[in-house]
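Here is how the chains run, residue by residue.
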Amino acid sequence: MAKAFKSGIKGINGYLEPAERELLRSLFDDVVSMLEPEERANQDPLAALVGLDTEAREPSDRALRRLLPNVSKNDDAASLEFRRYTERSLRESKIGALKAASLGLDKDELVLSPADARHWSMALNDVRLVLAERLDIRDDEDAGHVHLMQDWSQAEDVESYLALVYNFTTWLQESLVQAMLQSLDTRG
Amino acid sequence: MTLSVALGPDTQESTQTGTVTWTDVLTAPDIPWNLVIWNDPVNLMSYVSYVFRSYFGYSEAKANKLMLEVHKKGRSIVAHGSKEQVEQHAVAMHGYGLWATVEKATGGGDGSGSGKGKGKRG
């Protein structure tokens, strides 16, 4: 069983069982593959190099849309233009955090530097956003309902399994963020 | 901060293109924009507060106040600035997984963007 993260002298310490590390690794990898930009044959290589994607458009997948949201609530044209300039680098920075977190999963004992902790918290957050879309969590009531699922012996279908995974990642992120807030306090 | 002096309400009334020009005035770079964070049922309150503290450098009290505003009212304006500044913040917030949008300040809130119009907004 995983242990809650704790803020210590050398950084933030955590402990995960091998099965939990495998689970997290596959979750991080899944979100990475969702975020990887499609390679297009007719893509302008120079534009790609500077992060410009003239063909970017609002994702049709809801989970991806939540990871890469519109920047304007009611100006679709402005959102699209902004997306063309920024989406590629946003995808890359998210992938960077997910891969960094994944790399740290080689050992049972985790010791996270402030930068590692930030990557971990972002990676866990993105995983939870994706799981929440798959679980149809639309409001606090839905979230409360999913939260009731805590017993792994109840996992009998995909949805209950996803709910358990969601609750595990929620618990893990909460314990990590508490430790991060604590080290923020001690640093002043 | 004030609106551009080029076009007051008087000029507006005397031209046919007043509305169009007014829109131009509102998109001028010196008009403040808002960064808005929206509530969602997934992001942890502790995480949102952590992001406000570590990214914006807000105090614990300010970060928690804004976080609770997001949670209770559904949205909160967490930063102001030029369009470029708030857009940069928005990308950073999206990086953290927070749901952020930018909008033109309408001047209702703290008066910093109210200008001298007669309530006409394009």
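Remember, it's a predicted structure, so these values are computed and weren't measured experimentally.

1. A look at a nonpolar patch on the surface
Among the surface-exposed residues, Leu 46, Leu 49 and Val 50 of chain A lie close enough to one another that they form a single nonpolar patch of about 370 Å² accessible area. With a relative accessible area of 71%, Leu 49 of chain A lands in the exposed category.

2. Section: unusual backbone geometry
Even without being glycine, Asp 136 of chain A reaches a positive phi, approximately 60°. Structurally, Asp 136 of chain A is set in the loop between helix 5 (114-134) and helix 6 (140-147).

3. Thoughts on the packing of helix 4 (residues 76-103) of chain A against helix 5 of chain A
All names here are of chain A. Two numbers describe how helix 4 lies on helix 5: the axes approach to 8 Å, and their chain directions differ by 110°. With respect to each other, helix 4 and helix 5 are oriented roughly perpendicular. In contact with Lys 94, Ala 97, Leu 98, Ala 100 and Ala 101 of helix 4, helix 5 contributes His 119, Trp 120, Met 122, Ala 123, Asp 126 and Val 127. Broken down by class, the residue content of the contact of helix 4 with helix 5 amounts to 8 nonpolar, 1 polar and 2 charged.

4. Topic: the sheet that holds strand 3 (residues 109-112) of chain A
In a beta sheet, neighbouring strands pair by backbone hydrogen bonds and run either parallel or antiparallel. Residues and elements named next belong to chain A. Spatial ordering of the open sheet is given by 1-2-3, a layout of 3 strands whose pairing is antiparallel. Where the open sheet ends on each side, the last strands, each with one partner, are strand 1 (3-7) and strand 3. Taking the axes of each pair of neighbouring strands and ignoring which way they run, one obtains an average angle of 15° across the sheet. Both strand 1 and strand 2 (residues 12-15) contribute to a ladder of 3 bridges, which runs antiparallel. The residue of strand 2 that forms the bridge with Lys 6 is Asn 13. In the packing of helix 5 onto the sheet, contacts are made with strand 1, strand 2 and strand 3, and the angle to strand 3 comes to roughly 110°.

Definitions and limits used
- Residues numbered from 1 in each chain as written.
- Chains lettered and ligands numbered in written order.
- Predicted model: local features only at pLDDT ≥ 70, side-chain atom pairs only at ≥ 80, totals over all residues.
- Heavy atoms only, no water.
- Patch = residues over 30% accessible without salt bridge, like charges linked within 9 Å, V, L, I, M, F, W, Y side chains within 5 Å.
- Areas by Shrake-Rupley, 256 points an atom, 1.4 Å probe, with all protein chains shown as cover.
- Salt bridge = Lys/Arg side-chain N within 4 Å of Asp/Glu carboxyl O.
- Buried < 20%, exposed > 50% of the residue type's maximum accessible area, 1.4 Å probe, protein only.
- Helix = DSSP H or I, 4+ residues; strand = E, 2+ residues; numbered from the N terminus.
- Axes fitted to C-alpha atoms, helices over the stretch in contact; angles between N-to-C directions.
- Parallel < 35°, antiparallel > 145°, perpendicular 65-115°, else oblique.
- Contact = heavy atoms within 4.5 Å.
- Nonpolar A, V, L, I, M, F, W, Y, C, P; charged D, E, K, R; others polar.
- Pairing = 2+ DSSP bridges.

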